[in-house]
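Listed below are the residues making up each chain.
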Amino acid sequence: MEMRRDVFQAVADPTRRAIITLVALHAMTPSAIAEKFDSSRQTISKHIQILTECEILGQQQNGREIYYHLNAEKMKEIADFIEPFRKLWDERFNKLEAIMKKYKPKK
Amino acid sequence: MSLKTKLNVEDGKQEILITREFDLPVELLFQAYVEPEIIEEWMSTKVVKLEMKKHGGWQFETADKEGKVVLRMNGAIHDFIPNERIIRTFEMENTPYPVQLEFLEFEKLTEETSKLNMLIVYRSVADRDQMLKLPFAQGINMAHNRLQEVVSKHK
């Protein structure tokens, strides 16, 4: 369970979620990933390292380059197919509801 | 955990239907889609542009803690009928994910309650399934700590 919590922490970060989204489509080198972000390469490397430690990303050597790919098995552990998507919208809508209950029209 | 939000996903179809009932009058529910400051709060994103009208458009930007932009999203507004309907497109910039089409229908249930039907149409069945496997693709801006901040601020 301890490990599980770490995995959830790993995916709670917006930059790391963006990296997962990119790598899900095809394996990428660290520099190709870093190019997609305004953040420094060092920052992105650290995020990649965390995702690798949680086994969300896997590494594959191809010639001189290291490619990172999404570990689908690990993602399945985190996410039942549909539930996270439902939960995402549920949380957004809960928030919307809470905000609008306190809402006072400007005029 | 709240089960107020329901998801209808049929095998082999390239769409998802999200439904949710709110303890809010339909006018207030609709307002949450129209006012930039309110969208910023519940979507945890920055509203760069919002032209809520037919032929209008929108653009959101999500940043990390250091303020670096992580994701830009945009779309066109195809139809806009206050308290009834929004039809819009949704696209994540700088990613290969194809644009999606969203039909939002706002329904009055009682004076104090309302319902939202959100139909999302994807380019293909495969694209839809990819999106479902990756709630983070849409949820890049959803951070649990952010959620708590906003809710406690409004208590």
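All of these numbers come straight from a predicted model, not from anything done at the bench. (Residues numbered from 1 in each chain as written. Chains lettered and ligands numbered in written order. Predicted model: local features only at pLDDT ≥ 70, side-chain atom pairs only at ≥ 80, totals over all residues.)

### So, the overall build of chain A
To be explicit about the condition: A run of H or I in DSSP becomes a helix once it reaches four residues, and a run of E becomes a strand once it reaches two; helices and strands are each numbered from the N terminus. Labels follow a simple rule on C-beta atoms placed from the backbone: if 20 or more others lie within 10 Å of a residue's own, it is buried; if 12 or fewer, it is exposed; otherwise it is partly exposed. By the criterion used throughout, residues are in contact when their C-beta atoms, derived from the backbone, lie within 7 Å.
Counting secondary structure elements, chain A contains 6 helices and 2 strands. Along chain A, helices and strands appear, N-terminal first, in the series α-α-α-α-β-β-α-α. Buried residues in chain A amount to 33% of all 107 residues. The long-range fraction of contacts in chain A, counting pairs at least 24 apart against all pairs at least 6 apart in sequence, stands at 51%.

### Considering the overall build of chain B
Each helix and strand in chain B was counted, giving 5 helices and 8 strands. The buried share of chain B, taken over its 155 residues, is 28%. Considering only residue pairs separated by 6 or more positions, chain B has 38% of its internal contacts joining residues 24 or more positions apart.

### Quick notes on the sheet that holds strand 5 (residues 69-81) of chain B
Residue and element names in this part refer to chain B. For the record, the criterion: Pairing between strands requires that DSSP locate at least two bridges from one strand to the other. Geometry is summarised by axes, namely lines fitted to C-alpha atoms with helices restricted to the contacting stretch, and by angles between N-to-C directions that run from 0 to 180 degrees.
Overall, antiparallel pairing links the 8 strands, which are arranged 1-2-8-7-6-5-4-3 in an open sheet. Each end of this open sheet is capped by a strand with a single partner; those strands are strand 1 (5-8) and strand 3 (46-50). On average, each strand axis in the sheet is inclined to that of its neighbour by 20 degrees, with strand direction left out of account. Across 8 bridges, the pairing between strand 7 (residues 100-108) and strand 8 (residues 114-121) is antiparallel. Bridged to Glu105 within strand 8 is Asn117. Here helix 2 (residues 36-43) sits on the sheet in contact with strand 3 and strand 4 (57-63), set at roughly 140 degrees to strand 3.

### Overview of the packing of helix 2 (residues 14-23) of chain A against helix 4 (residues 41-53) of chain A
All names here are of chain A. Heads up, the condition is: Note that the term roughly parallel is reserved for angles under 35 degrees, roughly antiparallel for angles over 145, roughly perpendicular for angles of 65 to 115, and oblique for everything else. Each residue is assigned to one of three groups, with Ala, Val, Leu, Ile, Met, Phe, Trp, Tyr, Cys and Pro labelled nonpolar, Asp, Glu, Lys and Arg labelled charged, and all others, Gly among them, labelled polar.
Helix 4 packs onto helix 2 with a crossing angle of 75 degrees between their chain directions and a minimal axis gap of 10 Å. Considering their axes alone, helix 2 and helix 4 lie roughly perpendicular with respect to each other. Between helix 2, through Thr15, Arg16 and Ile19, and helix 4, the contact on the second element is made entirely by His47, Ile48, Ile50 and Leu51. Here the contact of helix 2 with helix 4 is composed, by residue class, of 4 nonpolar, 2 polar and 1 charged.

### A look at the packing of helix 6 (residues 83-101) of chain A against helix 2 of chain B
For the record, the criterion: Two helices crossing with the near one rotated counterclockwise from the far one by less than a right angle form a left-handed crossing, whereas a clockwise rotation gives a right-handed crossing.
Two elements in contact, helix 6 of chain A and helix 2 of chain B, have axes whose closest approach is 8 Å; the angle formed by their N-to-C orientations is 135 degrees. One finds that helix 6 of chain A runs oblique with respect to helix 2 of chain B. Crossing hand, helix 6 of chain A versus helix 2 of chain B: right-handed. Residues Arg92, Lys95, Leu96 and Ile99 of chain A of helix 6 of chain A form the contact with helix 2 of chain B, whose own contacting residues are Ile38, Glu41, Trp42 and Met43 of chain B. For the contact of helix 6 of chain A with helix 2 of chain B, the class distribution of residues is 5 nonpolar, no polar and 3 charged.

### So, the nonpolar core
Here is the rule: Residues of type Ala, Val, Leu, Ile, Met, Phe, Trp, Tyr and Cys that are buried and joined through C-beta atoms within 7 Å form what is called a nonpolar core.
Among the nonpolar cores identified, the biggest contains 25 residues, and Ile19, Val23, Ile33, Ile48, Leu51 and Leu57 of chain A are the most heavily contacted of them. Discounting residues that sit within four places of it in the chain, Ile19 of chain A has contacts with Ile33, His47, Ile48 and Leu51 of chain A. Counting residues in each nonpolar core, the second largest holds 22 residues, with Ile99 of chain A together with Leu24, Phe30 and Ile86 of chain B among its members.

### Points about the confidence of the model for chain A
Residue and element names in this part refer to chain A. Keep this limit in mind: A residue's pLDDT is simply how confident the predictor is in it, with values from 0 to 100.
Averaged over all residues, the pLDDT of chain A equals 83, while 82% of them reach at least 70. The least confident element of chain A is helix 1 (residues 2-11), whose mean pLDDT is 57; the most confident is strand 2 (residues 65-70), at 94. Low pLDDT, under 50, characterises residues 1-5; the stretch is placed with 0 contacts to residues that sit more than four places away or in other chains.

### With respect to helix 2 of chain B
Residues and elements named next belong to chain B. Threshold: Here, the arc refers to the directions that run from the helix axis to the C-beta atoms.
Regarding helix 2, the residues found buried are Ile39, Glu41 and Trp42. Mapping the buried residues of helix 2 onto a view down its axis gives an arc of 165 degrees, with all of them on the same face. Following helix 2 by one or two positions, Ser44 adopts a phi angle in the positive range, close to 50 degrees.

### Concerning the confidence of the model for chain B
Residues and elements named next belong to chain B. Of all residues in chain B, 84% have pLDDT values of 70 or greater, and the mean over the chain is 84. A low-confidence stretch, residues 137-155 (pLDDT under 50), is modelled with 37 contacts involving residues beyond four sequence positions or located in other chains. The ipTM for the predicted assembly is 0.78, set against a pTM of 0.66.

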